[in-house]
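Analysis of the macromolecular model
The primary structure of each chain is shown beneath.
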Amino acid sequence: MTGTCARTAGEWRGADLGTRTVSYDERDAILYALAVGAAPDELDLVFEERLRVLPTFALTLAQWAPDALGSQGAFDVRTAVHGSQRLQSLAPLPRAGRLELAARVGEVWDKGSAAVFEVVVESDAFVATWSLFAPGCGGFGGERGPSSPKRPEAQPGLRAEVRTAQNQAALYRLLGDRHHMHIDPAAAQAAGQPRPFLHGLCTLAATTLELARSVGAHPAELAELDGRFSAPVFPGDRLGVTAWPDGRTASFEVADGERPVISGGRIRFG
């Protein structure tokens, strides 16, 4: 192991990260929908009397879990990055309420110079899995893990655009992920970026909205979602979405011009 981890990365496999009861109300769910790109005329996303909560809102409720692993010293939080995200929706999120969440470390993959930690959060409503790429924590003799999904060989059946807003990162961070690199230019530069950048989960959720519109599904019907983060997105960027739909399921990619930002995407609506 090259040595920026508190202990051998593989020893974290199966570690219990604790449980937490989270609560929210209609205002939180509406703020989330607006932050990820819901339009003001999509009343069942932004009006409390018709509200259907976006399943990806669950990821803001569970953000404490990957943060907890970093705070326990599993990896250097200054250099670790969010590699990919999975979400399985088990039941619709209520308009307001309380959820019991349980978090643990699933697999820990050995990529040689780095490790990938999978943080799993489970509840009655969803299962969410963060993959965190941690430089300097590999070389512990573990399995390398699965490779990235291959791009479909067929011609894409769908192209769409996601327009991010200049204030989107500033708005999204109010939902819980207040890492300074998303708002403070100095912190962004310290992280190797020219300016504050958008949260990967915000980009992913914004993409699900556009894909739902494109395939004729309601975004609240999201059943499964998976995507790998390839590069940062900056507020105001216009992103191209390429998809290979098959009914209510699709593989997809997201790019900023020629630069991929989400690869290996997979989505299914129930």
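Figured I'd write up the structure that's included with this text. (Residues numbered from 1 in each chain as written. Predicted model: local features only at pLDDT ≥ 70, side-chain atom pairs only at ≥ 80, totals over all residues. Heavy atoms only, no water.)

Attention now goes to the side chain of Thr56. Mapped onto the fold, Thr56 is located in the loop between α2 (43-46) and α3 (58-61). In contact with Thr56, not counting residues within four places along its chain, are Tyr32, Leu87, Ala205, Leu222 and Leu225. (Helix = DSSP H or I, 4+ residues; strand = E, 2+ residues; numbered from the N terminus. Contact = heavy atoms within 4.5 Å.)

Within a regular strand, the side chains alternate between the two sheet faces. Extensive coverage of strand β4 (residues 114-122) is indicated by the burial of 8 of its 9 residues. Relative to β4, strand β3 (residues 97-110) runs antiparallel, the two sharing 7 bridges. By the bridge assignment for β4, Ala102 is matched with Glu122. Between β3 and β4, which pair antiparallel and follow one another directly, the connecting turn spans 3 residues, one of which, Gly112, has a positive phi of 95 degrees. In this structure, β4 lies alongside strand β5 (residues 126-135), joined through 9 bridges in antiparallel fashion. In the strand pairing of β5, Val121 is matched with Ala128. Linking β4 back to β5 in an antiparallel pair, the connection comprises 3 residues. (Buried < 20%, exposed > 50% of the residue type's maximum accessible area, 1.4 Å probe, protein only. Pairing = 2+ DSSP bridges.)

For the rest of this paragraph, the subject is the nonpolar core. With 79 residues, the main nonpolar core has Leu69, Leu93, Leu99, Phe117, Phe126, Trp130 and Phe252 as its most contacted residues. Ignoring any residue separated from it by four or fewer positions in sequence, one finds Phe117 in contact with Ala9, Trp12, Leu69, Ala74, Phe75, Glu107, Val108, Trp130, Ser131, Leu132, Ala134 and Cys137. (Core = buried A, V, L, I, M, F, W, Y, C linked by side-chain atoms within 4.5 Å.)

In short, the description is geometric, and any link to function would need to be established separately.
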